[in-house]
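Letter by letter, the chains look like this.
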Amino acid sequence: MFQPKKKRPRIRKTMSGLIALTLLSSLVLPSVAGAEPMEPSRVQFTDVSVQAGQSVHVPVTLKQPDYSAVTAYNMQIDYDSSVLEIVRITPKYVGGNFPSIVENNESNFHYKIDNEAGWVRIIWADLTAGEHPVPMEQQLFDIEVKAKNNAAPGTKKLTVNREDAEHWSFTNVDYENYTELSGGTITITAANSGGGNSGSPGSSSGGSVSPTTPVVTPVPSTPAVTKGVDIYVNGQKQEQSATATTSTVNNLVTTTVHVDNDKVINQIGSGLRTLLLPITGTGKGAVVGELNGKLIKTMEGSNAEVVIQTDNGTYTLPANQIQVDQILNQFGSTVPLEDITIQIAIVPSATSKQTAIQAAADKLKNTTVIAAPVDFEVKAIWNGQQVNVDRFNSYVERSITLPEGVDGSKITTGVVLQPDGSLLHVPTKVIKGNVQDSAIINSLTNSTYALIYHPATFSDVTSHWSRDDVQDLASRLIVQGTGENVFAPDRSITRAEFTAVLLRGLGLHAPRSTEAASFTDVKTGSWYEDEVQTAVSYGLISGYADDSFRPNSEITRAEALTIVSRAMKLVGLAQADASETTSLLSAYSDSAKVQAWAAEPVASAIKQELVQGADGKLMSDADISRAQSAAIVKRLLAKAGLI
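Just so we're clear, the structure is a prediction, and the values are computed from it rather than from any experiment.

(A) Layout of the packing of helix H6 (residues 467–475) against helix H12 (residues 626–639). Axis separation between H6 and H12 bottoms out at 9 Å; the angle between their running directions is 70°. As summarised for this structure, H6 and H12 are arranged roughly perpendicular, according to the angle between their axes. Contacts from Asp-468, Asp-469, Val-470, Asp-472 and Leu-473 of H6 reach H12 at Ala-627, Ala-630, Ala-631, Val-633 and Lys-634. Of the residues that constitute the contact of H6 with H12, the class distribution is six nonpolar, no polar and four charged.

Structure below.
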């Protein structure tokens, strides 16, 4: 544990009176020697998770017996400054007639942050002679913590040296209070942006919003009917916090839910995690959830999510994926956030799209479209202008509810309709329900989604070890045969072929940026040109030192696992650290043959059980086969919970 020396200001001029009052509690209120409470007070640091490069709020709560009354406390919280930094401390209880305090103001709440040394000091005292002690259960303050961009996946702790009275002391009206501490674990996950910075149009980070376009507002063909609806904050019903307006637009019944933004914002102080808008009874109609930019921005700071739940499906959207700052840049930085309307919609696809999807399914052969396709949309509107939020920095979940009586086992995958009229796989898993099954789809984009049944078999894998993996991925349109009913499972696979299979599995069908990849041997018009461009934009491949990609060369197991390890970051799977790498590789007799550049990627694949080796060997320099490629990609998707 870090023990500060030079870093700690013993007595600051602006804090001297309060520090003295806190550490020498007898100057505030008399202390009774030897008195002890029957049960301790308890301080709870909330356990949280955060992506690298993002921030998260850690509420700090005090629970105490009904006979206890804390009148002063002092704590120094230590953290690993190489991985974490404290953004701010927000007081939640300062006592009667005291405003919320910022650093170094003369008042009864003070804090000091030292992100270089890795500590924050918080001091509070009731300066009203015991008239405003901390209530029995009360959030004391909120810590906003950021995981640095280079933070490796794992866990870190917010800690306190409770043996040192200068680091930890709670004073009661009658005694020096015994106080327990729990929580404070921060779980860091990989940045799903694939190693980039915050998204912007044309950048390599993944999230993007479209340029502004004029808003086209269709005229309703029926009078609008408005009624109050209930929404839920953290599972608790919030009555009269939203209204729903229903009308018919272009022959489509549309229900728009207008959220009372200010009421919901008031809930965030108590730790808003989920805002649920359950709108049922609309049948095959469209549902639009309407919030403003101020609410979305506030939710973003709390790592909260918006959930739109309808008869057709559910859309679960983390507020930070809406990218309010990018939207504001499109409209103009001076536009008030509360004037920007954010629409999150689940809409039955237009007849023209349904026809196009059916035509594409007919071309695939042996393919049936299950249920009507659905559009998931996010729009921002201000002053007659519209911005579409099309791409996200991490996988966003949405579900399509199957009609009653439709068996979910008859779905092999979800697909997206491409501009050229083709259907491509998106990661999909089916959830059995009591009455209706549903398909959970995870994607980095918004689109039109359909569900298909496309069973696939190959005569040469019937008794092969890879049969289940190969046929599952073929039914998902991820792998293809080499001929009529033939897969050739033991044939080696080229670098371009492996890249294409991995991209299809991840549902990555277009580059995330306009920056062109320049390899000397990737020819314009080649079948793999777009795949290479997409893989480069997501940071999955980088090529060789001579600026070549060698698309038609066989790929080794080590090279394939290096690409897969980069994909692990995208799907949020933890990689092996240096100490784990040595341990994981040492279990194999040929570990010494794993080259240094491949050691961590190979170990990461072992850690996540994507590879197992054979006869105690990794065979990292051997060419990987088509069957092995299918097995690894399937394990990657399953481990990430995408299929």
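(B) View of the sheet that holds strand S8 (residues 137–147). Strand order in the open sheet formed by five strands is S5-S8-S3-S1-S11, and the pairing between neighbours is mixed. The open sheet terminates on both sides in strands that have one partner only, identified here as strand S5 (84–91) and strand S11 (179–183). If you compare each strand with its neighbour and ignore which way they point, the axes differ by 20° on average. Two elements, strand S1 (residues 41–45) and strand S3 (residues 55–63), share four bridges in a ladder whose sense is antiparallel. Note that in S3 the partner of Gln-44 across the bridge is Thr-61.

(C) Spatial organisation of the packing of aromatic side chains. Applying the stated criterion to the full structure yields 11 aromatic pairs. Each ring, one from Phe-519 and one from Phe-549, has its centre 5.5 Å from the other, and the planes form 35°; the classification is tilted. Here Phe-519 is found in the loop between helix H7 (495–506) and helix H8 (529–537), whereas its partner Phe-549 is found in the loop between H8 and helix H9 (557–571), with 30 residues between them in sequence. Exposure class is identical for Phe-519 and Phe-549. Each is buried. Members of the aromatic cluster, each reached through a chain of ring pairs, are Tyr-73, Phe-109, Trp-124, Phe-141, Trp-168 and Phe-170. A cation sits over an aromatic face here: Arg-398 above Phe-376, 5.5 Å from the ring centre. Here the guanidinium or amino end of Arg-626 rests over the ring plane of Phe-487, the centre of that ring lying 4.2 Å away.

(D) Molecular detail of the side chain of Asn-442. Within the secondary structure layout, Asn-442 lies in strand S28 (residues 438–445). Among the residues examined, Asn-442 registers a relative accessible area of 7% and is labelled buried. If we ignore the near neighbours within four places in the chain, the residues touching Asn-442 are Tyr-395, Val-396, Glu-397, Val-426, Pro-427 and Leu-642.

Rules behind the numbers
Residues numbered from 1 in each chain as written. Predicted model: local features only at pLDDT ≥ 70, side-chain atom pairs only at ≥ 80, totals over all residues. Heavy atoms only, no water. Axes fitted to C-alpha atoms, helices over the stretch in contact; angles between N-to-C directions. Helix = DSSP H or I, 4+ residues; strand = E, 2+ residues; numbered from the N terminus. Parallel < 35°, antiparallel > 145°, perpendicular 65-115°, else oblique. Contact = heavy atoms within 4.5 Å. Nonpolar A, V, L, I, M, F, W, Y, C, P; charged D, E, K, R; others polar. Pairing = 2+ DSSP bridges. Phe/Tyr/Trp six-rings, centres within 6.5 Å; stacked < 30°, edge-to-face > 60°. Buried < 20%, exposed > 50% of the residue type's maximum accessible area, 1.4 Å probe, protein only. Lys NZ or Arg CZ within 6 Å of the ring centre and 35° of its normal.

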